[in-house]
Amino acid sequence: IAMAPSKQKKSKAKKATVRDPRAKPKRPLSAYNLFFQYERDLLLQSKPSKKGQSHDEMHRTILNNPSERRNRSKTVRPPPHGKIGFAELARMIGKKWKTLDDTSREHFQSLAAIEKKRYVKECSEWKARMKREADLEESEAAAQKAAATAAEVKDQSRTQDRFGGVNIAPVA
């Protein structure tokens, strides 16, 4: 008696995602997002690690510029730091944001304005690049169509010449 093969869970290998160079630029971070990054780094630096890891460059977020954020795919993120859970971290930072004084809040809002200017600039460059690529593709398609039409006309004239001016080519 043959036994059925055991059912084993097959782990699906994650494919490394490569960001499409034609993809739209990352959206700008809000003042709260920038504050969250800053506070997260401060909290993680001050807390001792449960797993013996230090708060190194892998977990630091405030010094990353948007292009670095854009190029970091989800598959290459660092392992969890194990210091604090996200829900607890979010609660702590949310309370700090609500009680933040106006001058500090204005600082993060000015950083957010800079982020927005960067985003607007990158979007306009992206739109111009997409338009150029679309125009190029359109002109290439028109050239291919013209070449195909010219070849068809040449074929028809050859057929007419061979049979004394009578076109015997099938009508498309």
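Because the structure is a prediction, the values reported are computed rather than measured.

J.: I would appreciate a short explanation of the overall build of the protein chain in the present structure.
T.: When its secondary structure is counted, the protein chain shows four helices and zero strands. Mapped in sequence order, the helices and strands of the protein chain form the string α-α-α-α. Within the span of the protein chain, comprising 172 residues, buried residues form 22% of the whole. Intrachain contacts of the protein chain at a sequence separation of at least 6 include 74% that bridge at least 24 residues. When the accessible area of the protein chain is evaluated, it comes to approximately 13,800 Å², of which 56% is carbon and sulfur surface.

J.: When you look at helix α3 (residues 86-98) in this model, what are you seeing that I'm missing?
T.: One turn of an α-helix holds 3.6 residues; hence residues three or four places apart share an orientation. Spanning 13 residues, α3 covers 18 Å between terminal C-alpha atoms, matching the ideal 18 Å at 1.5 Å per step. Along α3, the positions that sit buried rather than exposed are Leu89, Ile93, Gly94 and Trp97. Each buried residue of α3 lies within a common arc of 130° when the element is viewed along its axis, so the set occupies one face. Turned more than 90 degrees away from the buried face of α3 sit Arg91, Lys95 and Lys98, all of them exposed.

J.: Help me understand the nonpolar core, please; the structure alone is not making it clear to me.
T.: Looking at soluble globular proteins, one finds that nonpolar side chains tend to be buried together. Counting residues in hydrophobic clusters, the biggest one holds 14 residues, and the most contacted among them are Phe35, Leu89, Ile93, Trp97 and Phe108. When residues in this core are grouped by element, the largest group, six residues, is from helix α1 (residues 31-46). Discounting residues that sit within four places of it in the chain, Phe108 has contacts with Ala31, Leu34, Phe35, Tyr38, Trp97 and Leu100.

J.: Sorry if this is basic, but what is going on with the pattern of salt bridges here?
T.: Side chains bearing opposite charge may pair, as long as their charged atoms lie close to each other. For the coordinates displayed, the defined rule picks out five salt bridges. Among the ionic pairs, Arg118 bridges to Glu115, the shortest N-O distance being 3.4 Å. Here Arg118 pairs with Glu115, and both are found in helix α4 (residues 102-162), just three residues apart, close to one helical turn. Judged on exposure class, the residue Arg118 and its partner Glu115 are both buried. In this structure, the salt-bridge partner of Arg118 is Glu122, at a minimum N-O distance of 2.9 Å. In this pair, Arg118 and Glu122 are both assigned in helix α4, four residues apart and thus about one turn of the helix distant.

J.: Just to check I follow, could you spell out the packing of α1 against α3 for this structure?
T.: When two helices pack together, their arrangement is given by the angle between the helix axes and the distance between those axes. Here α1 crosses α3 at 115°, and the two axes come no closer than 10 Å. For α1 against α3, the interelement crossing comes out right-handed. Only Phe86, Leu89, Ala90, Met92, Ile93, Gly94, Lys96 and Trp97 of α3 make contact with α1, whose side of the interface consists of Ala31, Tyr32, Phe35, Phe36, Glu39, Arg40 and Leu43. In the contact of α1 with α3, the residues fall into eleven nonpolar, one polar and three charged.

Quick notes on the rules
Residues numbered from 1 in each chain as written. Predicted model: local features only at pLDDT ≥ 70, side-chain atom pairs only at ≥ 80, totals over all residues. Heavy atoms only, no water. Helix = DSSP H or I, 4+ residues; strand = E, 2+ residues; numbered from the N terminus. Buried < 20%, exposed > 50% of the residue type's maximum accessible area, 1.4 Å probe, protein only. Contact = heavy atoms within 4.5 Å. Areas by Shrake-Rupley, 256 points an atom, 1.4 Å probe, with all protein chains shown as cover. Expected span 1.5 Å × (residues − 1). Arc of directions from axis to C-beta. Core = buried A, V, L, I, M, F, W, Y, C linked by side-chain atoms within 4.5 Å. Salt bridge = Lys/Arg side-chain N within 4 Å of Asp/Glu carboxyl O. Axes fitted to C-alpha atoms, helices over the stretch in contact; angles between N-to-C directions. Left-handed = near helix turned anticlockwise from the far one by under 90°. Nonpolar A, V, L, I, M, F, W, Y, C, P; charged D, E, K, R; others polar.

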